[in-house]
Amino acid sequence: MQLPEDHSGTHYGLFVDDKLVSVVSLFLKDNQLQFRKFATLVDKQGMGYGSKLLRYVMNEYLSSEIHSIWCNAREEKCLFYERFGLKQTKQKFSKAGINYIIMKKSIN
């Protein structure tokens, strides 16, 4: 999925045997890093590829000037993001029939 602001993001992918299996896009604003469009191929989910990619990008920014990293998490995926130290905020919304919770982790 392509969005108008994609040109301002940094995009990462994890390849297995030359096949792109997981992606994430990062957007920096006001010393806060948002990750979006985090996805893994359905037949590759549950194999740790998404976790490996997310861990990599989070570690890339640990020593930078960012204060926090956050995402709009689908409600049913909150436990996954909690494994990476993100905490649920009180901010919730629904879009296209899907419930989201903003999750955030302070870095510095």
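What counts, and at which threshold
Residues numbered from 1 in each chain as written. Predicted model: local features only at pLDDT ≥ 70, side-chain atom pairs only at ≥ 80, totals over all residues. Heavy atoms only, no water. Phe/Tyr/Trp six-rings, centres within 6.5 Å; stacked < 30°, edge-to-face > 60°. Helix = DSSP H or I, 4+ residues; strand = E, 2+ residues; numbered from the N terminus. Buried < 20%, exposed > 50% of the residue type's maximum accessible area, 1.4 Å probe, protein only. Lys NZ or Arg CZ within 6 Å of the ring centre and 35° of its normal. Contact = heavy atoms within 4.5 Å. Expected span 1.5 Å × (residues − 1). Polar contact = N/O pair within 3.5 Å; in protein donor to acceptor, adjacent residues only side chain to side chain.

(A) Just the packing of aromatic side chains, in detail. Under the criterion given, the structure shown has 8 aromatic pairs. Where Tyr12 meets Tyr56, the ring centres are 6.1 Å apart and the plane angle is 65°; that geometry is what we call edge-to-face. Placement of the pair is Tyr12 in strand β1 (residues 10–16) and Tyr56 in helix α1 (residues 49–60), with a sequence separation of 44 residues. You can call Tyr56 partly exposed: its relative accessible area is 45%. Consider the rings of Phe80 and Phe84, whose centres lie 5.2 Å apart with planes at 55°: the pair is tilted. You can call Phe84 buried: its relative accessible area is 9%. Joined through ring pairs, the aromatic side chains of Phe35, Phe38, Phe80, Tyr81 and Phe84 make up one cluster. One Lys or Arg, Arg36, reaches over the ring of Phe27 and ends 3.8 Å from the middle of that ring.

(B) Representation of the side chain of Ser25 in the model. Locating Ser25 in the fold gives a position in strand β2 (residues 19–29). Non-local contacts of Ser25, meaning those with residues more than four positions away in its chain, are made with Thr10, His11, Gln34, Phe35, Arg36 and Lys37.

(C) Spotlight on unusual backbone geometry. A positive phi angle is found at Asp17, which is not glycine, with a value near 50°. By the element assignment, Asp17 lies in the loop between β1 and β2.

(D) Main features of α1. Its 12 residues give α1 an end-to-end C-alpha distance of 17 Å, which sits within 8% of 16 Å, the value for a rise of 1.5 Å per residue. Packed against the buried residues of α1 are β1, β2, β3 (32–40), β4 (68–74), α2 (78–82) and β6 (98–106).

(E) Summary view of the side chain of Ser22. Along the chain, Ser22 falls in strand β2. Judged by relative accessible area, which is 1%, Ser22 ranks as buried. Within the local environment of Ser22, its side chain forms a polar contact with the side chain of Thr40, the two groups lying 2.9 Å apart. In this view, Ser22 contacts Tyr12, Gly13, Leu14, Phe38, Ala39, Thr40, Tyr49, Gly50 and Leu53; residues no more than four positions away in its chain are not counted.

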